[in-house]
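This is what each chain is made of:
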Number of protein chains: 2
Amino acid sequence: MRNLQITLTAIALTLAAGSAAQAEEGMWTFDNFPIARANQTLGTNIDQAWLDRVRLSSVKFGGCSAGIVSGEGLVMTNNHCVATCVANLSTPEVNYSETGFAPRTREDELKCPGGSAEILTDISDVTERMHAAGAGLEGQAFTQARDAEAGRIEQEACAGDATIRCQVVSLYRGGQFKLYKYRRYTDVRLAWAPEDPAATFGGDLDNFSFPRFAIDAAFIRLYENGQPVATPTHFKWNADRPVEGTPVFVAGSPGATQRLLTQDQLMTVRDVVLPMDQLIASELRGRLIRFSEESEENAFIAMDPIVGLENTYKRGLGRMRALTDPAFMTMKAEAEADFRARAGAADPWSELAAVQPVARELYPAMALLEGGTGMGTTSPGGNSQLFSWARTLVRGAQEREKPSAERLPEYADSRLAAVQSGLFAERPVYPSLEQVRLEWWLSKTREWLTVDDPRVRGLLGRESPEGLSARLVEGTTLADPAVRRALWEGGLAAVEASEDPLIRYLLSIQDETRAIRSEWETRVQAPTDRASEQLAALRFRAYGDSVYPDATGTLRLTYGKIEGSDVPGQRWGPFTTFAGLWDRATGAPPFDVAPKLLAARDRIDGDTVMNMTLSSDTIGGSSGSPVVNEAGEILGANFDSTVLTQRNAYGYDPNVNRSVIVTTGAVTAALRDVYGMERLVEELGVE
Amino acid sequence: MRNLQITLTAIALTLAAGSAAQAEEGMWTFDNFPIARANQTLGTNIDQAWLDRVRLSSVKFGGCSAGIVSGEGLVMTNNHCVATCVANLSTPEVNYSETGFAPRTREDELKCPGGSAEILTDISDVTERMHAAGAGLEGQAFTQARDAEAGRIEQEACAGDATIRCQVVSLYRGGQFKLYKYRRYTDVRLAWAPEDPAATFGGDLDNFSFPRFAIDAAFIRLYENGQPVATPTHFKWNADRPVEGTPVFVAGSPGATQRLLTQDQLMTVRDVVLPMDQLIASELRGRLIRFSEESEENAFIAMDPIVGLENTYKRGLGRMRALTDPAFMTMKAEAEADFRARAGAADPWSELAAVQPVARELYPAMALLEGGTGMGTTSPGGNSQLFSWARTLVRGAQEREKPSAERLPEYADSRLAAVQSGLFAERPVYPSLEQVRLEWWLSKTREWLTVDDPRVRGLLGRESPEGLSARLVEGTTLADPAVRRALWEGGLAAVEASEDPLIRYLLSIQDETRAIRSEWETRVQAPTDRASEQLAALRFRAYGDSVYPDATGTLRLTYGKIEGSDVPGQRWGPFTTFAGLWDRATGAPPFDVAPKLLAARDRIDGDTVMNMTLSSDTIGGSSGSPVVNEAGEILGANFDSTVLTQRNAYGYDPNVNRSVIVTTGAVTAALRDVYGMERLVEELGVE
């Protein structure tokens, strides 16, 4: 929610007590990559120029990562990263997720509604300004002063140029602040996507596992002024058979890790955050599964939401498993004990411990009413698209009445361009699905906060979740982008004059939702930030600066090798092949081979490697990350990791950490032998 | 699953380290009730004759408790205890849960399909025989020898008399074995039930909370030979306004407590058992909610299952909350430390600790494929009625081929009468609901055991959960009781010759399901039993014999006072009134007053007490328990407790433990002023 303040950002904590990062651990920033150490570990010979080229060939695409693979703006990412785009471009009659999307000519490539892509062009240090802004302040005043200063820095650096986005990034829990400058592209077109069952073979059951047989790849293309963007700096396509043990680098934007949480903070995640998030997600899953079984239309509508939900849920299961794994938690405890022994008299741990009862008490209300806790996945409105637009319109109108520095930070001037492009995007809205989401959210909010909570009374009045959600969805006209644009441009007067029931509803719940945010920021966020900053300083002192910051959704580089796994229950070599796919197929979903892929069986070399695993350090957000060799050639795209790897949210465990990759070889075979995309094969320079 | 072996049965562990049971703690057996202590604490003067009368007036009805309230077999229990009976007697057209069931004459009272009721008539000690049977044996041999001996004891005492049931009960984790003899009634008729919304006002939201406004009461009547049973020993109906501070006793059959679990065992429940059970239950809840929204018929079909599921789920939430409550867990840890300090060199704790990794590993498979873990709520078949019948038919046929002593204990000769009456009962089956349950169970089994588990392959073959569940439900004829009877009576030959797809399916999965049970019994059950027995002996030595056994679903007596609550967030006096109900009603479900009740508003004295709370020690299974004063008069029926009280599964916490009661006054008002049941009012002796 808040771009600047990633609540739990913190410097990295390796699991091995008393040491800095382990051999292949670390999601490193591009301005602090341990070149020498990586070269020594891997036997490679990369340098700063190599890093610059990799950075400029790497793309952030929505919540995903991607890599440029031709001089004409062609970018590879995962199919699941374009799933929303594909769903938005599809109808039940012309359903590209079923058929795949294989445009015969470049002109047939279609724009992804609301899609945008960014390339990180500059990093500069703004630590001094940010520290000065907060000096001598406490609590919310401290937080707000910093938010305001970040907005000013971003505005000064980027205002007036819609092709540039600036972002002040807090690293090492406020130990450093960097200004990241991105080249931004808002015309992103879908250039190829396989049939969905080819990308999701095994479905939720095979997700977060290996061996795996998924062509989870897709291409987009960057456009500007109606023309493909020229991208002379890009990864060279290498579709050769991969070799076990090859050193590789993975460039992408991992979403968030929480490796410096203290034991007390982890207990809050284990006892309160994950159980609530997972339990209510599981109920939504049940509602959506049944919904999707009701008709073919519903199956079409719910497919993308179910896949996304199941992915988040299974990741959560992996995290629950980590936090209840006695061996893993013993390692974490030992690391903390070592750190405390080196910290001397300073004791931010106690301050953080004192925050936990408050965080435990406030989390359900904060997550359900406001979101942006930085701790969990629950958010207000149940991810209803209409609710989210209405919220943006109401809050945006209210906030824009104030000077930029006094606004909620997500509405600072420097952020408005991104807000608008999300709001104005043309995308289909399915009222039946929206209603399921809103009803579920209202009913879970009532359940978790209890029916007698005054906020719940404010939320529901005398209506039921069923009745209220139906009334709001039936009555709103926000599905029309012109309506949204008019309301946004009309500002507060237009919003307050609107008779749209969803706008009126969002107006009516602002007091409650802003109040819980304010309470959270005062009682949880601010004391956590201050203690964590102290903890970060102690950590620099104890372990030197050979540490990397927690992931913050910004560009990082991790390294490792092509490598299988050898722990109990997880023993396999690093590769799977198309022959393995034919073996695993049963014909029944989700183990049915996609029709076009199946039809091409005789044309595909069964020995072609489909998927492989790496010992790199990745996490959600790394999806689509280009996997690059020492020569700067792309070997594949990261699309997953194993379920045991989910623990790396909290700490890197070299024994189980494995990233799962779709190979360039498999993608080449799919393009050429299955989907008739020779023109892309040619563009990639495959002979 | 296994009547005899309640896995986690153990002697009670009070939370206050170093003391025996606290003032009002304890679910005491009737042959070891602390008469003097209760009298001293409460200022009462009860004696053994009083206890005998209370015992003979107390009834076990299914999983619930109940009390006889007239000389003609009339029994009061909760409405939620007759919900399945009401659902079985209803159709969408004549829906008694909507209208209430108010038979004008006694002849109009209807038989509950499959209903039975029991009164505990005798308790005798069989410890010596049971100990001798297991002497010198280890592992599964030990367990089987004891099971066989219990079967023999029961058979010797009761064989040939269908009106008597015998049960060998393991108390104090094998420290004592008692033979319980019950008078059994299999003709139980519904005598009155209110409109469901009158009993469930506030629905899931108000469940496990107070203040409360629910007439969760109903009457059944015991019949024999077509005549009401004469019950000269019964509770006298006292509908006077209750008085705060009144000493009360609650007689009922609390289901199961786990108060002597070691810290290590509790961590298994916290980390593995509760999360899995709750997560998959939450998904089923979502499926059923959406199912019920699809049509009025589905709403009718799913109502009773949803209420039951939500009740179990919310209880689970309370338990999760207890096991993650730092203060509560500190108390538990201190109690264990005190106990260990007194135990000297003996160390069954380490033995139990060593079992936990195995229990954690095996729990999902055992719970999903076989059930009967004694730890959680998950069971095979997803509570599909058809699946359960098929399983009973297949296993029953296979087991009856062996001598009684060699069978799975639930099929010993002494248990067959109960098995048959469940199997032959005429009750409606809704294929659409059965399919939801089976599909959900198959899909969750595949998810939790993983798709590559050979047992999952055995379960599904090449079918999907959706396809298999549809095929089984469509093809089976087991909904017909005559078919079930013929298969049961035809024995193994008939079962093996059957072409019913559900029978064939259950036959096909016996190897896998029996194997996991055997592994669980060998690696978890047996070592747990042995260590727990040692722990029980140490406990007797450390704290004397003023301790009560963990609840085992058998008759107990607890005591306390009519008392409100005074802890943060839970401050209220002990009473609610009808006036409070009118205030709380919003008109929207679940806060809509039932139509007949609302229509009677002017006839009911608004000051009449509806519900009240007690400081007694109750748990699930105590539902319907008669609340009795010193004079042996019934003041109400227990129907709930608060959500914080759910921790009393693991330890009694006097600060939060409160039982919730529907008063005889409220029931009298409902019978007389709402439902026109003057004939029952008269039978109760109200003037």
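All of these numbers come straight from a predicted model, not from anything done at the bench.

(A) Structural detail: the overall build of chain A. Summing up its helical and strand segments, chain A has 24 helices and 20 strands in all. Computed over the C-alpha atoms, the radius of gyration of chain A is 24 Å, within 12% of the 26 Å expected from 2.2 N^0.38 for a compact globule of 687 residues. Judged by the C-alpha coordinates and their principal axes, chain A covers about 65 × 60 × 50 Å. Classification of the 687 residues of chain A by burial places 63% in the buried group. Considering only residue pairs separated by 6 or more positions, chain A has 79% of its internal contacts joining residues 24 or more positions apart. For chain A, the exposed area adds up to about 23500 Å²; of that, 50% sits on carbon and sulfur atoms. Treating the 69 positive side-chain charges of chain A as one cloud and the 92 negative ones as another, the clouds have centres 3 Å apart.

(B) Quick look at unusual backbone geometry. Here the amide bond leading from Phe210(A) into Pro211(A) is cis, since omega sits at 0°, within 30 degrees of zero. In this fold, Pro211(A) is placed in the loop between α8 (203-206) and β9 (218-224). Going from Pro589(B) to Pro590(B), the amide bond is cis rather than trans, its omega being 0°. Among the structural elements, Pro590(B) can be located in the loop between α21 (578-584) and α22 (595-599). Within the chain, Phe208(A) stands out as a residue other than glycine whose phi angle is a positive 55°.

(C) Examining the state of the cysteines more closely. Residues and elements named next belong to chain A. A complete count under the given rule lists six disulfides over all chains for this structure. A sulfur-sulfur distance of 2.0 Å marks the disulfide that ties Cys85 to Cys112. One quick way to see it: the torsion about the S-S bond of Cys85 and Cys112 is about -85°, and its sign makes the bridge left-handed. Linking Cys85 in helix α3 (residues 83-89) with Cys112 in the loop between β4 (110-111) and β5 (117-125), this pair joins segments that are 27 residues apart in sequence. With a relative accessible area of 2%, Cys112 lands in the buried category.

(D) The arrangement of helix α12 (residues 348-369) of chain B in detail. Counted at 1.5 Å a residue, the expected span for α12(B) with its 22 residues is 32 Å, and the 29 Å between its end C-alpha atoms agrees. Once α12(B) ends, the next one or two residues include Gly371(B), with phi positive near 75°.

(E) Local environment of the side chain of Gln570(B). Secondary-structure assignment places Gln570(B) in strand β15 (residues 570-572). Setting aside chain neighbours within four positions, we find Gln570(B) in contact with Ser565(B), Thr642(B) and Leu644(B).

(F) The nonpolar core, seen in detail. The biggest cluster of nonpolar side chains holds 167 residues, and the ones touching the most others in it are Ile503(A), Tyr505(A), Tyr650(A), Ile503(B), Tyr505(B) and Tyr650(B). Residue contributions to this core peak at 14 residues, all from helix α9 (residues 263-293) of chain B.

(G) Just the relation of the copies chain B and chain A, in detail. For the pair chain B and chain A, the best superposition has an RMSD of 0.0 Å and corresponds to a rotation of 180° with a translation of 0.0 Å parallel to the axis. On this basis, the relationship between the two copies can be described by a two-fold rotation axis. Same-surface contact between copies: 100% of interface residues of chain B are shared with the interface of chain A.

(H) Representation of the packing of helix α5 (residues 127-134) of chain A against helix α6 (residues 139-158) of chain A within the structure. Residues and elements named next belong to chain A. The geometry of α5 relative to α6 is characterised by a closest axis approach of 8 Å and an angle of 145° between their N-to-C directions. Relative to α6, the crossing made by α5 is right-handed. For the pair α5 and α6, contact is made by Arg129, Met130, His131, Ala133 and Gly134 and by Phe142, Ala145, Arg146, Glu149, Ala150, Arg152, Ile153 and Glu156, respectively. Among the residues forming the contact of α5 with α6, the class breakdown is six nonpolar, two polar and five charged.

(I) Local environment of the environment of Ala353(A). Mapped onto the elements of the fold, Ala353(A) is located in helix α12 (residues 348-369). Taking the C-alpha atoms as reference points, Ala353(A) and Arg183(A), separated by 170 residues in sequence, lie 42 Å from one another.

(J) Representation of the interface of chain B and chain A within the structure. In this assembly, 42 residues from chain B lie in contact with 42 residues from chain A. A buried area of about 3300 Å², summed over both sides, lies between chain B and chain A, and 51% of it is on carbon and sulfur atoms. At the junction of chain B with chain A, the criterion picks out eight salt bridges. Applying the counting rule to chain B against chain A returns 16 residue pairs in polar contact (both at pLDDT 80 or more).

(K) Inspection of the pattern of salt bridges at higher detail. Under the counting rule described, the total for this entry stands at 106 salt bridges over all chains. Taking the shortest distance from any N to any O, the salt bridge between Asp187(B) and Arg189(B) comes out at 2.9 Å. Overall, the relative accessible area of 13% leaves Asp187(B) in the buried class. Taken together, the salt bridges that share partners define one network made up of Asp204(A), Arg285(A), Glu310(A), Glu283(B), Arg287(B), Glu439(B), Lys444(B) and Glu447(B).

(L) Quick peek at helix α18 (residues 481-497) of chain B. All names here are of chain B. Compared with an ideal rise of 1.5 Å per residue, which puts 17 residues at 24 Å, α18 spans 18 Å between its outermost C-alpha atoms and falls more than 12% short. A bend of about 125° at Gly491 is the largest found in α18. Taken together, the buried positions of α18 are Arg484, Leu487, Trp488, Gly491, Leu492 and Val495. Looking at the packing, one finds that the buried side of α18 touches α13 (385-400), α14 (416-424) and α19 (501-508). Between the side-chain oxygen at the start of α18 and the backbone nitrogen of Ala482 there is a gap of 2.8 Å, and the oxygen is on Asp480.

(M) Structural view of the pairing of strand β3 (residues 74-77) of chain A. Residue and element names in this part refer to chain A. Of the two faces of β3, the one carrying Leu74 and Met76 and the one carrying Val75 and Thr77 are both buried. The sheet contact formed by strand β2 (residues 64-68) and β3 spans two bridges and is antiparallel. Bridge assignment links Gly67 to a residue of β3, and that residue is Met76. From the end of β2 to the start of β3, which pair antiparallel, there are five residues, and Gly73 there has a positive phi angle of about 80°. In this sheet, β9 lies alongside β3 in antiparallel orientation, the contact comprising four bridges. Its bridge partner lying in β9, Met76 is registered against Phe219.

(N) Summary view of the environment of Thr608(B). Residue and element names in this part refer to chain B. Mapping Thr608 onto the fold places it in the loop between α22 and β17 (609-614). C-alpha separation for the pair Thr608 and Ala536, spaced 72 residues apart in sequence, amounts to 47 Å. Residues within four places of Thr608 in sequence aside, it is in contact with Arg241, Thr576, Thr577, Phe578, Gly665 and Ala666. A polar atom in the side chain of Thr608 sits 2.8 Å from the backbone oxygen of Asp605.

(O) Structural detail: the pairing of strand β20 (residues 659-663) of chain A. Residue and element names in this part refer to chain A. β20 sits mainly inside the fold: five of its five residues count as buried. Along β20, one buried face is formed by Ser659, Ile661 and Thr663 and the opposite face, lined by Val660 and Val662, is buried too. Relative to β20, strand β17 (residues 609-614) runs antiparallel, the two being bridged by four bridges. Counted as the bridge partner of Leu614 is Ser659 from β20.

(P) How the structure looks around the packing of aromatic side chains. Residues and elements named next belong to chain A. Evaluation of the coordinates by the stated rule reveals 34 aromatic pairs over all chains. With 6.4 Å between their ring centres and 50° between their planes, Tyr180 and Tyr182 make a pair best called tilted. Geometrically, the ring pair formed by Phe339 and Trp349 is edge-to-face, given 5.1 Å between the ring centres and 80° between the ring planes. Highlighted residues: Phe339 in helix α11 (residues 326-343) and Trp349 in helix α12, separated in sequence by ten residues. With a relative accessible area of 3%, Phe339 lands in the buried category. You can call Trp349 buried: its relative accessible area is 3%. What links up through ring pairs into an aromatic cluster is the set Phe33, Trp50, Phe249 and Tyr559.

How each quantity is defined
- Residues numbered from 1 in each chain as written.
- Chains lettered and ligands numbered in written order.
- Predicted model: local features only at pLDDT ≥ 70, side-chain atom pairs only at ≥ 80, totals over all residues.
- Heavy atoms only, no water.
- Helix = DSSP H or I, 4+ residues; strand = E, 2+ residues; numbered from the N terminus.
- Rg over C-alpha atoms; globule rule 2.2 N^0.38 Å.
- Buried < 20%, exposed > 50% of the residue type's maximum accessible area, 1.4 Å probe, protein only.
- Contact = heavy atoms within 4.5 Å.
- Areas by Shrake-Rupley, 256 points an atom, 1.4 Å probe, with all protein chains shown as cover.
- Lys, Arg positive; Asp, Glu negative; His and termini not counted.
- Charge placed at Lys NZ, Arg CZ, Asp CG, Glu CD.
- Disulfide = S-S within 2.5 Å.
- Expected span 1.5 Å × (residues − 1).
- Core = buried A, V, L, I, M, F, W, Y, C linked by side-chain atoms within 4.5 Å.
- Least-squares fit on C-alpha atoms with pLDDT ≥ 70 in both.
- Axes fitted to C-alpha atoms, helices over the stretch in contact; angles between N-to-C directions.
- Left-handed = near helix turned anticlockwise from the far one by under 90°.
- Nonpolar A, V, L, I, M, F, W, Y, C, P; charged D, E, K, R; others polar.
- Buried area = accessible area lost by both parts, 1.4 Å probe.
- Salt bridge = Lys/Arg side-chain N within 4 Å of Asp/Glu carboxyl O.
- Polar contact = N/O pair within 3.5 Å; in protein donor to acceptor, adjacent residues only side chain to side chain.
- Bend = angle between axes of the 7 residues up to and from the residue.
- Pairing = 2+ DSSP bridges.
- Phe/Tyr/Trp six-rings, centres within 6.5 Å; stacked < 30°, edge-to-face > 60°.

By themselves, these are just geometric observations and shouldn't be taken as functional.
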